[in-house]
Structures are given as C-alpha cells and as structure tokens.
Amino acid sequence: MIDLLQELYGTILRNKLRTALTGFAVAWGIFMLIVLLGAGNGLIHAFENQSSSMMMNSLKVYPGWTGKPFNGLKEGRKISLSDADRTAASTDFSEHILSSGATVSKSGVFLSYGNERLSIGIDGVFPSYPQLEPITLKRGRFINERDMQEKRKVIVLHEKTADILFPKSEPLGKQVQAQGVSYLVVGIYADQNSFQPSALAPFTTVQLVYHKGDSIDNMTFTTQGLTDEATNDAFEKDLRRTLGSRKQFDPTDNNAVWIWNRFTQYLQQLTANSILHIAIWVIGIFTLLSGIVGVSNIMLITVRERTHEFGIRKALGAKPLSILRLIVAESVAITTLFGYLGMVAGVAVTEYMNYVAGKKVVDAGMFQFTVFEDPTVDLSIAIQATLTLIIAGTLAGLFPALKAVRIRPIEALRAD
C-alpha cells in the first residue's frame, strides 16, 4: 500500500498541470451541482414556507364587470356580491364546501389614540381569516365567534399601525377612536403588507357600524373532496354557473367574477418546483459527466504515455492486477481529492448565499413576498453526489486500465 501511494504521489508530481486541469473539471462539476441545488432549494423553500401557514384547500371570489351580454343585458355591468350569495353557495355545494367567510371593508377611516392619528381601512373578517391569509398573530387574540354574534367593537391592529398609534405604550386593552366609534384593541398581527395595512374587526360589526347592509367585497370558501386540477376546475365552473344564475351574467364570462383557487395554484407551483428540481439535476449531472469524461481521457493519455513502462513491468513479472490497480487508484485519487474540494466549496457558497440572501423579500409596493429562503443543500445529498462522482471516476479509470492490462509486453517494448 505504501509503495502504491508513493508511486501515485510521484506520478501526480510529474504531471502537475495535467492533474490540476483534470481535477478542476471534477471539482467544478460537483461545485456547480451543489450550487444549483442550493439555488433551487432557495426558491422551493420560499414557496413552501409561504404556503405552510395557509389553508391550500380554499378559494376566493371577487366581483367584477361583465365582459359579455346576457339575456338582453349589455356588457360592462358591475357585479356585486352579498352575504346571501355566500350562504346560498355554501348550501348548494355543501358536499364540497367545508366553511365559508367573507370580507367587507370601510376605507378612509381616521383612527386615533391620544395625539396620534392616521387614515386606515377597516376590514370586517371572519374568525377563520388567519388560516386563509398569510398573517401571524403577534400578541393578544384574534376575532372569535362571540365577537361576531354580539357585534363587539373590537379590533386587531397591524404591528406598523400599533407602532404609530402607541409609540411608547402597550396597545392591548386600549380604546382607539374611529371617527366617533370606539374600538377595543384585542390583538396585534403581522403580515407581508408594506403599504397601509388594514385594521381587522368582526365582519358583523363592520356591517352594522358602517351601514354595509348585505354587501360584501369578497367571499372565501374552504373545500373538501377536490383533489386535483380537474375536480377544482369543474367546481369553479359549477360555482360560476350558480352565481351567474343569481347575478344574471354569462357563466362563461370570467370577467364577471374572479375566482382565485389557491389549491390549483398550489398544484401548479408543485409541478413547477418538480420541473425545476429535475432540470437542476440534469444540468448538474451533465456538468459532472464533463469532469468524468476529462478523467477518462487523461487516463487514456496516461496509458498511452506509459505503454513502454507497462511493457517493462510485465516483462519483469508484474501481474496485470498490479497495473490495473495503479491506473484505477490514480483515477480514484483525482476524483476523490478534487471531488471533496468541490463539495466543500459548493457547501460554503450555499451557506454564503444563505447568509446574504437567505430571506430575500421583494417589495412590490402594495405588498411584500419572499422569493428566496434557505438556499442550502442537505449534507447527505452533497456526500451522496460526491460518492457518485468517485464511483463514476473509478469506472472512468477502469476502462483505460483494462486497456493497459491487455497490452502484450513485446508490443509495449516496441512502442515509442
């Protein structure tokens, strides 16, 4: 073993440049694979964490403007939704609708506490709102069923709003004024909204206080039994047909009401993530193959250059296995050493990406969303990729080694 290591060391020293260039190709292959996997994971993790706090089996319905004439009515009519539409849909599709909710809003409300004042919108929401929207309750409590039933004047403020109205005190338990209406602050929430986040109050309270009647801004449903895009599309068409019958618009008119199906969007994103993951592996593997081909070519050149030497060895009684072991060992040494260096460099770069951009948030003005999160690669994946590279490097050196073994001594001694 010591003789083999010494011979390998001597061979590498005699061919420093060739070994360095071959090793660079190997290291670059594993490095690029790990970096690409890390970048892909950053995108995938951002999506998964964005979706983890929300119910994906839900959809939202917003009113719009008709884009087609219907039963003698012209296009361009404004469609409005009511709480009766929400109730009717829940009844008509009881086999697929688990629960329903709605939002009703009052904009331009001046909210004040002491000398602090700001203009804000108040959204009337259902208790299920935190499970349907990407918000996080930071302190206190959220609106509950009793608040809804008793039409309580309670409010949940965004943390930015609370910081403005209560710069030096705790807002929970305090009364804020909204143009003559007093609300008790019961909770503080956070979300990714960076532009005038709304205050949240019980749906029934906003209906009553601001004389909204039965009108709503949108309605939300959580669903069951809709397992794929086909069943979700069929449900959307049925829902649109029912609303079209109630509101007198063409059921094929997608402009009349806009349906945002989170589950369909989630399935489409999962498909996109899968394609991205496969594409990264394909690109990475081809990059690895380029390094392996380089190792194989260098081993072939080595065999050609050392043909005379191998002939002398065999003439002196060297066994074919010893020559095979020598060539394969050189191939394994190069792929192992430089594969390890490439792996370490790749992991280091993904950790650096995580440090500088591990929570990348894009500010779109009205809201913010995370597009890049935790761009790291599991160490076991990196080790497996490196081991795969070493095995491939062994095979890359095996074929030139077999060629060297098959050389007849008399032919090898004649070689230039």
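Calculation rules
- Residues numbered from 1 in each chain as written.
- Predicted model: local features only at pLDDT ≥ 70, side-chain atom pairs only at ≥ 80, totals over all residues.
- Heavy atoms only, no water.
- Phe/Tyr/Trp six-rings, centres within 6.5 Å; stacked < 30°, edge-to-face > 60°.
- Helix = DSSP H or I, 4+ residues; strand = E, 2+ residues; numbered from the N terminus.
- Buried < 20%, exposed > 50% of the residue type's maximum accessible area, 1.4 Å probe, protein only.
- Core = buried A, V, L, I, M, F, W, Y, C linked by side-chain atoms within 4.5 Å.
- Contact = heavy atoms within 4.5 Å.
- Expected span 1.5 Å × (residues − 1).
- Polar contact = N/O pair within 3.5 Å; in protein donor to acceptor, adjacent residues only side chain to side chain.
- 1 Å grid on protein atoms, 1.4 Å probe; cavity = no way out; pocket = protein on both sides within 12 Å on 5 of 7 lines; lining within 4 Å.
- Points joined across faces, edges and corners; volume = space filled by probe spheres on them.
- Nonpolar A, V, L, I, M, F, W, Y, C, P; charged D, E, K, R; others polar.

Student: Tell me about the packing of aromatic side chains, and name the residues and values.
Tutor: According to the stated counting rule, one finds eight aromatic pairs in the structure shown. A centroid spacing of 6.0 Å and a plane angle of 20° characterise the contact between phenylalanine 24 and tryptophan 28, whose relative ring orientation is stacked. Taken together, the residues span about one helical turn, with phenylalanine 24 and tryptophan 28 both in helix 2 (residues 16–52) at a distance of four residues. The exposure class assigned to tryptophan 28 is partly exposed, which follows from its relative accessible area of 41%. Taken together, the ring pairs connect Phe24, Trp28 and Phe31 into an aromatic cluster.

Student: Describe in detail the nonpolar core, supporting the description with residues and values.
Tutor: By size, the foremost hydrophobic cluster in this structure holds 54 residues, and its most contacted members are Val61, Ile122, Leu157, Tyr183, Leu200 and Leu239. The leading source of residues in this core is strand 8 (residues 181–190), at six residues. Each residue touching tyrosine 183, except ones within four places of it in the same chain, is listed here: Ile122, Lys153, Val154, Ile155, Lys174, Gln175, Val176, Ala178, Ala201, Thr205, Val209 and Tyr210. Within the second largest apolar cluster, 28 residues are counted, among which are Ile30, Ile280, Met343 and Ala385.

Student: How would you summarise helix 8 (residues 229–247) if you had to cite specific residues and measurements?
Tutor: Counted at 1.5 Å a residue, the expected span for helix 8 with its 19 residues is 27 Å, and the 26 Å between its end C-alpha atoms agrees. Every buried residue of helix 8 is accounted for by Asn232, Phe235, Glu236, Leu239, Arg240, Thr242, Leu243 and Gly244. The distance from a side-chain oxygen at the start of helix 8 to the backbone nitrogen of alanine 230 is 3.3 Å, and the residue carrying that oxygen is aspartate 228. Of the residues one or two after helix 8, glutamine 248 is the one with positive phi, at around 60°.

Student: With reference to specific residues and values, describe empty space enclosed by the protein.
Tutor: In the structure shown here, the tally under the stated rule is one cavity of 30 Å³ or more. In terms of lining, the largest cavity is formed by Lys60, Gly101, Ala102, Thr103, Val125, Phe126, Ser128, Tyr129, Leu132, Glu133 and Thr220. Going through the elements one at a time, strand 3 (97–113) and helix 4 (129–132) are the ones with two or more residues in the lining of the largest cavity. Among the elements that line the lining of the largest cavity, the one with the most residues is strand 3, at three residues. Residues that form the lining of the largest cavity fall into these classes: five nonpolar, four polar and two charged.

Read these as spatial facts, not as claims about activity.
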